[in-house]
Amino acid sequence: MTVKAARHVGGVSSARGRTSLANCACDSASSGRKAVGVYPLLKEANQNRLRRIEGQVRGLQKMVEEDRYCADIITQVASVQEALRGVARNLMKNHLHHCAAKALRSGEKNETEDMYDELLELIYAHLR
């Protein structure tokens, strides 16, 4: 997938360090893009889930420090990975409802194609 010159002052895609070309409902600011239209309950759920994950990671550090059984640690690592995938799914849902929907409904061919490219890259790189 080729990336054209950016038309949108935006953030950098975490997938490969490329600038996203999709012009979405995100507010461009000097500190990077900021999501607009995030559902408050979804944001709260993500924050709570991330705090639990943070606790799980601390537990993993302690398990390693205490030389716990490898299979038990691996099981906990898988649990953390699944919890992070849950946060990513919530974020993707919000992105689809707001940013992507706006870009896809815009009727502007370049904006629509850029959003499709961004969504595909997100799926390929992050949501396997």
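Look up a bit, the structure's there.
Sequence positions are assigned chain by chain, starting from 1 and proceeding in written order. Only residues with pLDDT of at least 70 are given local features in this predicted model, and only at 80 or more are side-chain atom pairs given and counted; all residues enter the totals for whole chains, interfaces and linings. Hydrogens and waters are ignored; side-chain quantities use all the structure's heavy atoms.

**Quick word on the overall build of the protein**
In plain terms, the rule: Starting at the N terminus, helices and strands are each numbered in turn, a helix being any DSSP run of H or I of at least four residues and a strand any DSSP run of E of at least two. Relative accessible area decides the class of each residue, using a 1.4 Å probe on protein chains only: under 20% of the type maximum gives buried, over 50% gives exposed, and in between gives partly exposed. Any two residues whose heavy atoms approach within 4.5 Å at even a single point are treated as in contact. Calculation of accessible area relied on Shrake-Rupley with a 1.4 Å probe; when residues are assessed, cover is drawn exclusively from the protein chains displayed.
Assigned secondary structure in the protein consists of three helices and two strands. Across the 128 residues in the protein, those meeting the buried criterion constitute 27%. Within the protein, residue pairs in contact and separated by at least 24 positions form 52% of the contacts whose partners lie at least 6 positions apart. Approximately 8,800 Å² of the protein is accessible, and the part contributed by carbon and sulfur atoms is 55%.

**Topic: the packing of helix α1 (residues 40-65) against helix α2 (residues 70-105)**
Put simply, the test is: An axis is simply a line fitted to the C-alpha atoms; with a helix, the fit covers only the stretch in contact. Between two such axes, the angle follows the N-to-C directions and lies from 0 to 180 degrees. Angle categories are assigned with fixed cut-offs, so that under 35 degrees is roughly parallel, over 145 is roughly antiparallel, 65 to 115 is roughly perpendicular, and the rest are oblique. Take the far helix as your reference; a near helix turned counterclockwise from it by less than a right angle gives a left-handed crossing, and one turned clockwise gives a right-handed crossing. Side-chain classes are defined by residue name, with Ala, Val, Leu, Ile, Met, Phe, Trp, Tyr, Cys and Pro counting as nonpolar, Asp, Glu, Lys and Arg as charged, and the others, Gly among them, as polar.
Where α1 contacts α2, the two axes come as close as 10 Å, and the packing angle between them is 160 degrees. Between α1 and α2, the angle is such that the two are roughly antiparallel. Here α1 runs over α2; the crossing is left-handed. The residue makeup of the contact of α1 with α2, split by class, is 14 nonpolar, seven polar and two charged.

**With respect to the side chain of H95**
For H95, the position within the fold is in helix α2. A residue is classified by how much of its surface remains accessible, and H95, at 15% relative accessible area, is buried.

**Brief notes about the pattern of salt bridges**
What counts, and what does not: Criterion for a salt bridge: a side-chain nitrogen of Lys or Arg within 4 Å of a carboxyl oxygen of Asp or Glu.
All chains considered together, the criterion is met by five salt bridges. Between R85 and E82 there is a salt bridge, with its nearest N and O atoms 3.1 Å apart. Highlighted residues: R85 and E82, both in helix α2, separated by three residues, approximately one helical turn. Residue R85 is classed as partly exposed on the basis of its relative accessible area of 33%. A relative accessible area of 37% places E82 in the partly exposed class. R89 is paired through a salt bridge with E82; the nearest N and O atoms lie 3.1 Å apart. Through salt bridges with shared partners, one network takes in E82, R85 and R89.

**What about the nonpolar core?**
The condition that has to hold: Only buried residues count toward a nonpolar core. Its members are Ala, Val, Leu, Ile, Met, Phe, Trp, Tyr and Cys residues joined through side-chain atoms within 4.5 Å.
Listed in full, the seven residues of the largest apolar core are I53, L60, M63, I73, V80, A83 and V87. Listed by contribution, the elements that provide at least two residues to this core are α1 and α2. At four residues, α2 tops the list of elements feeding residues into this core. Not counting the four nearest positions on each side in its chain, A83 is found in contact with R49, I53 and Q56. Grouped together as the second largest cluster of nonpolar side chains are five residues, M92, A100, A103 and M115 included.

**Description of unusual backbone geometry**
Not every positive phi belongs to a glycine, and D67 is a case in point at roughly 55 degrees. Residue classification places D67 among the exposed positions, given a relative accessible area of 69%.

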